[in-house]
Amino acid sequence: MKTEGKNVIVKFCGGCNPTYDRLAYWEEIKARTGDDVTWVGADFPRPDGMLLICGCHSVCPLKHYKPADYGFFILVDSDRRSPEDVAAGIIDKEGT
Amino acid sequence: MIKTRQDYIESLKRQQLNVYYNGKRVEDVTVHPGIIPHINAAAKTYELALRPEAEDLLTATSHLTGKKISRFTHIHQSVDDLIKKVQMLRLISHETGSCYQRCVGFDALNATYMTTYDIDAVYGTSYFSRFCDFLRYIQEENLMVVGGMTDPKGDRSKRPSDQSDPDLFTHVTEKRSDGIVIRGAKAHMTGSVNSHEILIMPTQNMTKGDEAYAVCAAIPLKSPGITLIFGRQSNEERKFETGIDAGNKDYGVVGGEALIVFEDVFVPWERVFMCGEIDFTGLLVERFATLHRQNYGGCKGGVSDVIVGATALAAQYQGTSGASHVKDKITEMMHLAESVYSGSVACSAMGSRTPSGAYYPDPLLANCTKHNITRHIYEISRLAHDVAGGIMATMPFDRDLRSPEVGRYVEKYLAGVNGVSAETRMKVLRLIENMTGGTCLVESMHGAGPPQSQRVMYQRLGNLPQKIKMAKKLAKIDE
């Protein structure tokens, strides 16, 4: 079911040695989600979901977040999955 | 408080330090072409802290105030903090291809934090609370601090108090009711002409008779009596030019070091964190050295990533990238870069909590990391020179390329594979030249101490008797 206007946290790892261009990847997701998603910071109260974009499989920031605390939680640790696919997944997630 | 790059530059403009460059007083460091590249590199630490894709490494939460601060002013609260420090250094090196200077002060803050706590526990002094007040100020204002350890040392065979000129080691000349007066100098002070404060520490273990030299204190660099004399670097005059010859024009060759002279500089007691406690000088020196040696696989690993990329690019541009020996050399360069990075991560992962609560890297592994830097960076540079070719050292000037008379020859005879102009090829060769020669290599050898200072640590911490015992057990030797 498609829900519009979701508030979704986007959080990046620090990017010490990323295996792909995280910002370009993110820009692509942002362009695909358009007005369906409002991107917010990590301190946003009661977000609909969270997108954590990490540069490699170490996914360093993951230990600081509990996926269960969010309506949905999407972790990206490489560019194997296309940004289009991630964007579609976010739009199709149930919102609150 | 300094938040942005512009805030930082304005703060430097305001303080008007007493800086000399090539025999002349510098009125404004922020417009001096020899200093701008170093300011740009340090400014990157402020810029990245504001970027969402880097803030996870560039910022931390202060254990003193609970506020978000620059990681460069943070006291490590966990092994995770130690690892993030190394990750952060690699990241910034990718942006600058050069030293960005703030790690030295970062390490001085951490070493002094741990050691003042220990001094107070023995002597009942109040250095730790004084230092926390200073640290809070640095965190709140987001200031850049110089880590001031190395004294000129004069005749190395003599103790500080035996030198014919007592100023060859920084020392206290007077104790007053309101503070102390110091004289002497600190050498090779990275980033000092574009910093705000210096945290001086003793340069070595002090013994009886050297009490005046056992001094740790924080001093604003704009204080009366301080003079900074900028150090000459290889090819630094290329930064004065436009064009491509500087290689990495926006950033420094290395950190931008200066000789800092203290001519009867007054320091109030609230900024003094050690004064005569000779039995803690060795500990402070060892901690600072360990924290600083921890860094090198991060920053030099990151710089090496850029050198590897540039070398691969040069090979592509001149049509040699398919040659098996070139592939093998680039593979070897990557192996060396990841090896030095591994050392920094390892000493961080094996870090431990000190009595103060601050975390400290494993000293043996940190020294091993820096020791590898004194070798591997030379080897990475050697391989880069090998692959790039002699043209890197014999190319004409940028102005020749642009000359109406000879430009067409440079274009014609420096061209590489089809579709790559001579200018493009020259740019990457100049970058390699800039990052692999002269001052860069010496910095890898002597920054954070020369290899002998690391070898001394193997002797102290390497636990040779235990290794002998292991061998005897397996060989079934009972004697």
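What counts and how
- Residues numbered from 1 in each chain as written.
- Chains lettered and ligands numbered in written order.
- Predicted model: local features only at pLDDT ≥ 70, side-chain atom pairs only at ≥ 80, totals over all residues.
- Heavy atoms only, no water.
- Helix = DSSP H or I, 4+ residues; strand = E, 2+ residues; numbered from the N terminus.
- Buried < 20%, exposed > 50% of the residue type's maximum accessible area, 1.4 Å probe, protein only.
- Contact = heavy atoms within 4.5 Å.
- Areas by Shrake-Rupley, 256 points an atom, 1.4 Å probe, with all protein chains shown as cover.
- Lys, Arg positive; Asp, Glu negative; His and termini not counted.
- Charge placed at Lys NZ, Arg CZ, Asp CG, Glu CD.
- Axes fitted to C-alpha atoms, helices over the stretch in contact; angles between N-to-C directions.
- Parallel < 35°, antiparallel > 145°, perpendicular 65-115°, else oblique.
- Left-handed = near helix turned anticlockwise from the far one by under 90°.
- Nonpolar A, V, L, I, M, F, W, Y, C, P; charged D, E, K, R; others polar.
- Pairing = 2+ DSSP bridges.
- Expected span 1.5 Å × (residues − 1).
- Domains from an automatic or database assignment.
- Buried area = accessible area lost by both parts, 1.4 Å probe.
- Salt bridge = Lys/Arg side-chain N within 4 Å of Asp/Glu carboxyl O.
- Polar contact = N/O pair within 3.5 Å; in protein donor to acceptor, adjacent residues only side chain to side chain.
- Phe/Tyr/Trp six-rings, centres within 6.5 Å; stacked < 30°, edge-to-face > 60°.
- Lys NZ or Arg CZ within 6 Å of the ring centre and 35° of its normal.

Here the focus is the overall build of chain A. Along chain A, the regular secondary structure elements total two helices and four strands. Going from the N terminus to the C terminus, chain A shows its helices and strands as β-α-β-β-β-α. Projecting the C-alpha coordinates of chain A onto the three principal axes gives extents of approximately 35 × 25 × 20 Å. Each of the 96 residues in chain A was classed as buried or not, and the buried ones make up 46%. When contacts within chain A are restricted to residue pairs at least 6 apart in sequence, those whose partners lie at least 24 apart make up 67%. With the model as given, the accessible surface of chain A reaches about 5000 Å², and the carbon-plus-sulfur share is 48%. Distance between charge centres in chain A, computed from 12 positive and 15 negative side chains, equals 6 Å.

All names here are of chain B. With their axes 9 Å apart at the nearest point, helix α9 (residues 363–388) and helix α15 (residues 451–461) run at an angle of 150° to one another. Between α9 and α15, the interaxial angle falls into the category roughly antiparallel. Here the hand of the crossing between α9 and α15 comes out left-handed. Contact with α9, carried on its side by Pro-363, Leu-364, Asn-367, Cys-368, Lys-370, His-371, Thr-374 and Arg-375, involves Pro-451, Ser-453, Gln-454, Arg-455, Met-457, Tyr-458 and Leu-461 of α15 and no other residues of that element. Tallied by class, residues from the contact of α9 with α15 come to seven nonpolar, five polar and three charged.

We now examine the pairing of strand β7 (residues 179–190) of chain B. Residues and elements named next belong to chain B. Among the 12 residues in β7, 10 count as buried, and that is most of the element. Here strand β6 (residues 171–175) pairs with β7 via four bridges, running antiparallel. From the neighbouring strand, Glu-174 faces β7, where its bridge partner is Val-181. Connecting the antiparallel pair β6 and β7 is a turn made up of three residues. Bridge count between β7 and strand β11 (residues 257–268): nine bridges; the pairing is antiparallel. Directly across from Gly-184, in β11, lies its bridge partner Phe-262.

End to end, helix α8 (residues 324–349) of chain B covers 36 Å across 26 residues, agreeing with the expected 38 Å (1.5 Å per residue, within 8%). Among the residues making up α8(B), those that are buried are Val326(B), Lys329(B), Ile330(B), Met333(B), Leu336(B), Ala337(B), Val340(B), Tyr341(B), Gly343(B), Ser344(B), Cys347(B) and Ser348(B).

Residue and element names in this part refer to chain B. The domain boundaries assigned to chain B delineate domain 1 (7–282) and domain 2 (284–463). Its C-alpha centre places domain 1 at a distance of 24 Å from the equivalent point of domain 2. Tallying the contact residues gives 53 residues for domain 1 and 48 residues for domain 2. Between domain 1 and domain 2 the total buried area reaches about 4200 Å² when both faces are included, carbon and sulfur atoms providing 64% of it. When residues of domain 1 are sorted by the area they lose upon contact with domain 2, Arg-90, Met-114 and Ile-244 head the list and together hold 18% of the total. Close ionic contact of Asp-305 with Arg-90 constitutes a salt bridge, the shortest N to O distance being 2.8 Å. Joining domain 1 to domain 2, the criterion identifies 28 residue pairs in polar contact (both at pLDDT 80 or more). Among the secondary structure elements, those contributing two or more residues to the side of domain 1 that touches domain 2 are α4 (79–96), α5 (102–123) and α7 (281–317). In terms of residues, the side of domain 1 that touches domain 2 owes the most to one element, α5, which gives 12 residues. Looking at the side of domain 1 that touches domain 2, its residues break down into 24 nonpolar, 22 polar and seven charged.

Moving on, we get to the packing of aromatic side chains. All names here are of chain B. A full pass over the atoms with the stated rule returns 16 aromatic pairs over all chains. Between the aromatic rings of Phe-72 and Phe-106, the centroid separation amounts to 5.7 Å while the plane-to-plane angle is 70°, which identifies the pairing as edge-to-face. One end of the pair, Phe-72, is in the loop between β4 (68–70) and α4; the other, Phe-106, is in helix α5, with 34 residues separating them in the sequence. Across this residue pair, the class does not change: Phe-72 and Phe-106 are buried. Between Phe-131 and Phe-273, the aromatic rings sit 5.1 Å apart at their centres with planes inclined by 90°, giving edge-to-face as the arrangement. Pair noted here: Phe-131 is in helix α6 (residues 127–141) and Phe-273 is in strand β12 (residues 272–275), with a separation of 142 residues, a long-range link. By the burial criterion, Phe-131 is buried, and Phe-273 matches it. Three or more aromatic residues link up through ring pairs in this structure, and these residues are Tyr-113, Tyr-117, Phe-128, Phe-131, Phe-134 and Phe-273. Positioned over the ring face of Tyr-409 is Arg-408, at 4.6 Å from the centre of the ring.

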